[in-house]
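Letter by letter, the chains look like this.
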Amino acid sequence: MCLHPPAPPPADAQLIVEDAAGRGTIYVAFSGCVGRGLDNGERRAQVSASLVKMFMEPLHTGYVFHGDLNGR
């Protein structure tokens, strides 16, 4: 399934951020085996297990990921 995925997986979470420049959304993907990372529509960055824990744990909904999050 991961060798030839039909499309990038949907985001597992969305972070709404706001600063003096305005409001934006960061899409977070971590549960699939491809396409993992942070994406704001202009830039992509790696996501780590500690980052996922930091923004998912306060939601008290639980989350699951498999393998190493540093892979793409």
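Small disclaimer: the values here were computed from a predicted structure and weren't measured. Sequence order sets the numbering: in each chain, residues are counted from 1 along the sequence as written. A pLDDT threshold of at least 70 governs which residues receive local features in this predicted model, and a stricter bar of 80 or more applies before side-chain atom pairs are shown or counted, although totals over entire chains, interfaces and linings include all residues. To obtain the side-chain values, all non-hydrogen atoms of the structure were used and water was disregarded.

Novice: Explain the sheet that holds strand β2 (residues 22–29) to me, and be specific about the residues and the numbers.
Specialist: Taken in spatial order, the four strands make up an open sheet running β1-β2-β3-β4, and their pairing is antiparallel. Each edge of the open sheet is held by one strand with a lone partner, namely β1 (13–19) and β4 (44–45). Bridge count for β2 against strand β3 (residues 37–39) is three bridges, and the pairing is antiparallel. Considered in β3, the bridge of Tyr27 is made with Asp39. We call two strands paired when DSSP finds no fewer than two bridges between them. By definition, any uninterrupted DSSP run of H or I lasting at least four residues is a helix, any uninterrupted run of E lasting at least two residues is a strand, and each is numbered from the N terminus.

Novice: Now, about the nonpolar core: what can you tell me, with residues and values included?
Specialist: Nine residue types can take part in a nonpolar core, namely buried Ala, Val, Leu, Ile, Met, Phe, Trp, Tyr and Cys, and a core is a set of them joined through side-chain atoms within 4.5 Å. Residue exposure (1.4 Å probe, protein chains only): buried if accessible area is under 20% of the type maximum, exposed if over 50%, otherwise partly exposed. In this structure, Ala13, Val28, Phe30, Leu38, Val47, Val52, Phe55 and Met56 together form the largest nonpolar core, which totals eight residues. Ranked by the residues each element gives to this core, the list is headed by helix α1 (residues 49–56), at three residues. Setting aside anything within four residues of it in sequence, one finds Leu38 in contact with Ile26, Tyr27, Val28, Arg43, Arg44, Ala45, Gln46, Val47 and Leu51. Residue contacts follow a heavy-atom distance rule, with two residues in contact if any of their heavy atoms lie within 4.5 Å.

Novice: Would you mind going over the pairing of β1 in detail, with residue names and values included?
Specialist: Examined bridge by bridge, β1 and β2 share seven bridges and lie antiparallel to one another. Paired with Ile16 across the bridge in β2 is Thr25. If you look at the hairpin formed by β1 and β2, you'll find two residues sitting between the two strands.

Novice: If you had to explain the pattern of salt bridges to someone new, which residues and values would you point to?
Specialist: Basic side-chain nitrogens of Lys or Arg form a salt bridge, by our definition, when they fall within 4 Å of a carboxyl oxygen of Asp or Glu. This model, assessed by the stated rule, comprises two salt bridges. Linking Arg23 and Glu18 is a salt bridge whose minimum nitrogen-to-oxygen distance equals 3.5 Å. For Asp39, the salt bridge is made with Arg44, and the minimal N-O distance between the two is 3.7 Å. Given the relative accessible area of 24%, Asp39 is considered partly exposed. Among the residues examined, Arg44 registers a relative accessible area of 38% and is labelled partly exposed.

Novice: Tell me about the side chain of Arg36, residues and numbers included.
Specialist: As for its position among the elements, Arg36 is in the loop between β2 and β3. On the basis of relative accessible area, Arg36 is assigned to the buried category, the value being 8%. Under this definition, polar contacts are N or O atom pairs within 3.5 Å; protein pairs additionally need one hydrogen-donor-capable and one acceptor-capable atom, and for neighbouring residues in sequence, both atoms have to be side-chain atoms. Only 3.5 Å separates the side chain of Arg36 from the backbone oxygen of Phe30, close enough to count as a polar contact.

Novice: Tell me what's going on with α1, and back it up with residues and numbers.
Specialist: Where α1 is concerned, the buried positions are Val52, Phe55 and Met56. What you see down the axis of α1 is that its buried residues fit within an arc of 95 degrees, all on one side. More than 90 degrees from the buried face of α1, the exposed residues found are Ser50 and Met54. Taken together, the buried residues of α1 touch β1 and β2. The arc in question is formed by the directions pointing from the helix axis toward the C-beta atoms.

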